[in-house]
Amino acid sequence: MGPSGSGKSTLLHILGMLEDASEGEYLFQNEPVHKMNDKKRTQLHRGSIGFVFQAYHLIDELTVYENIETPLLYKNVPSGERKSRVADILDRFNMVAKKDLFPTQLSGGQQQLVGIARAIVAEPAVIFADEPTETFILTRRGRSWNCLQS
Ligand SMILES: Nc1ncnc2c1ncn2[C@@H]1O[C@H](COP(=O)(O)OP(=O)(O)OP(=O)(O)O)[C@@H](O)[C@H]1O
Ligand SMILES: [Mg+2]
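Residues numbered from 1 in each chain as written. Chains lettered and ligands numbered in written order. Predicted model: local features only at pLDDT ≥ 70, side-chain atom pairs only at ≥ 80, totals over all residues.

1. A few points about the overall build of the chain
This is how the line gets drawn: Each helix is a run of H or I in the DSSP string that is no shorter than four residues. Each strand is a run of E no shorter than two, and both are numbered from the N terminus. The exposure label follows from counting other C-beta atoms within 10 Å of a residue's C-beta, where the C-beta atoms are placed from the backbone and the thresholds are 20 or more for buried and 12 or fewer for exposed, leaving partly exposed in between. Any residue pair is listed as a contact if its two C-beta atoms, each placed from the backbone, are within 7 Å.
Of regular secondary structure, the chain possesses seven helices and four strands. Of the regular secondary structure in the chain, the N- to C-terminal order runs α-β-β-α-β-α-α-α-β-α-α. Expressed as a percentage of the 150 residues in the chain, the buried residues total 24%. Long-range pairs, those at least 24 residues apart, make up 68% of the contacts in the chain between residues at least 6 apart in sequence.

Quick look at the structure:
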């Protein structure tokens, strides 16, 4: 919570290891994130963090299916398991019919859903979500919020 421009997204990006803090210390699972190089931090991010961006940040050149699959590729999940995990999430989010579309062919709410699906598909230790609920609670009756909580 906090007014626009107060630094909420910046703080979440630092906690999600997407940005470096200019000062201070950050321990994640007892590991000093502030002392890690970019490579180590990216590894930790990919292994442990799911991030739902305020502005979705989907990859326009990839389909819905491929966007959701990306974190599993980073984690070297075998192809059979990737297929079943992505299929399961598409089903839970009622997006099966949209799987071969590109992000620009989706509504804003649907893009946000894909962003959430991508954040949770690899079952990360922690999920950071930057204001993800406004559209959902109104248009999806909290369905993805339930997924986020589960
Ligand atoms: N890449 C950047 N370079 C320079 N300044 C930035 C950058 N990103 C954000 N800022 C500045 O940092 C401040 C905090 O931005 P941030 O996005 O964290 O705010 P916020 O609290 O998430 O706002 P909102 O509620 O509008 O999403 C803003 O004043 C913004 O202009
Ligand atoms: Mg913000």
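2. What about the confidence of the model for the chain?
Worth spelling out the cut-off: A residue's pLDDT is simply how confident the predictor is in it, with values from 0 to 100.
When pLDDT is averaged along the chain, the result is 87; 88% of the residues meet or exceed 70. When the elements of the chain are averaged for pLDDT, helix H6 (residues 133-139) gives the smallest value, 49, and helix H3 (residues 64-74) the largest, 97. Low pLDDT, under 50, characterises residues 137-142; the stretch is placed with five contacts to residues that sit more than four places away or in other chains.

3. Remarks on the packing of H3 against helix H4 (residues 79-92)
Here is the rule: Angles run from 0 to 180 degrees between N-to-C directions of axes, and those axes are lines fitted to C-alpha atoms, restricted for helices to the stretch in contact. Note on terminology: angles under 35 degrees are roughly parallel, angles over 145 are roughly antiparallel, angles of 65 to 115 are roughly perpendicular, and the others are oblique. A crossing counts as left-handed when the near helix is turned anticlockwise from the far one by less than a right angle, and as right-handed when that turn is clockwise.
One can describe the packing of H3 onto H4 by two numbers: an axis separation of 10 Å at closest approach and a directional angle of 130°. Classified by the angle their axes make, H3 and H4 are oblique. The crossing of H3 and H4 is right-handed. In contact with Tyr65, Ile68, Glu69 and Leu72 of H3, H4 contributes Arg82, Arg85, Val86 and Ile89.

4. Considering the nonpolar core
To keep things clear, this is the line we draw: A set of buried residues drawn from Ala, Val, Leu, Ile, Met, Phe, Trp, Tyr and Cys, joined through C-beta atoms within 7 Å, is what defines a nonpolar core.
Of all hydrophobic cores here, the largest spans 22 residues; its most connected members are Phe51, Ile68, Ile89, Val114, Ile116, Ala117 and Val121. Counting only elements with at least two residues in this core, the list comes to strand E3 (49-52), H3, H4 and helix H5 (108-120). Per-element accounting of this core gives the leading share, six residues, to H5. Ignoring any residue separated from it by four or fewer positions in sequence, one finds Val121 in contact with Ile68, Pro71, Leu72, Arg85, Val86 and Ile89.

5. Some points on H5
Stated formally: Expected span, for any helix, means 1.5 Å times one less than how many residues it has.
Compared with the 18 Å implied by 1.5 Å per residue over 13 residues, the 19 Å span of H5 between its first and last C-alpha is a close match. Counted residue by residue, H5 has 11 buried out of 13 residues, so it is predominantly covered. Among the residues of H5, those classed as buried are Gln110, Gln111, Gln112, Leu113, Val114, Gly115, Ile116, Ala117, Arg118, Ala119 and Ile120.

6. Examining the pairing of E3
Rule in force here: If DSSP finds at least two bridges between two strands, the strands pair.
Here E3 shows two buried faces, one formed by Ile49 and Phe51 and the other by Gly50 and Val52. Bridge analysis of E3 against strand E4 (residues 126-129) gives four bridges, and the strand direction is parallel. Across the sheet, Ile49 pairs through a bridge with Val126, a residue of E4.

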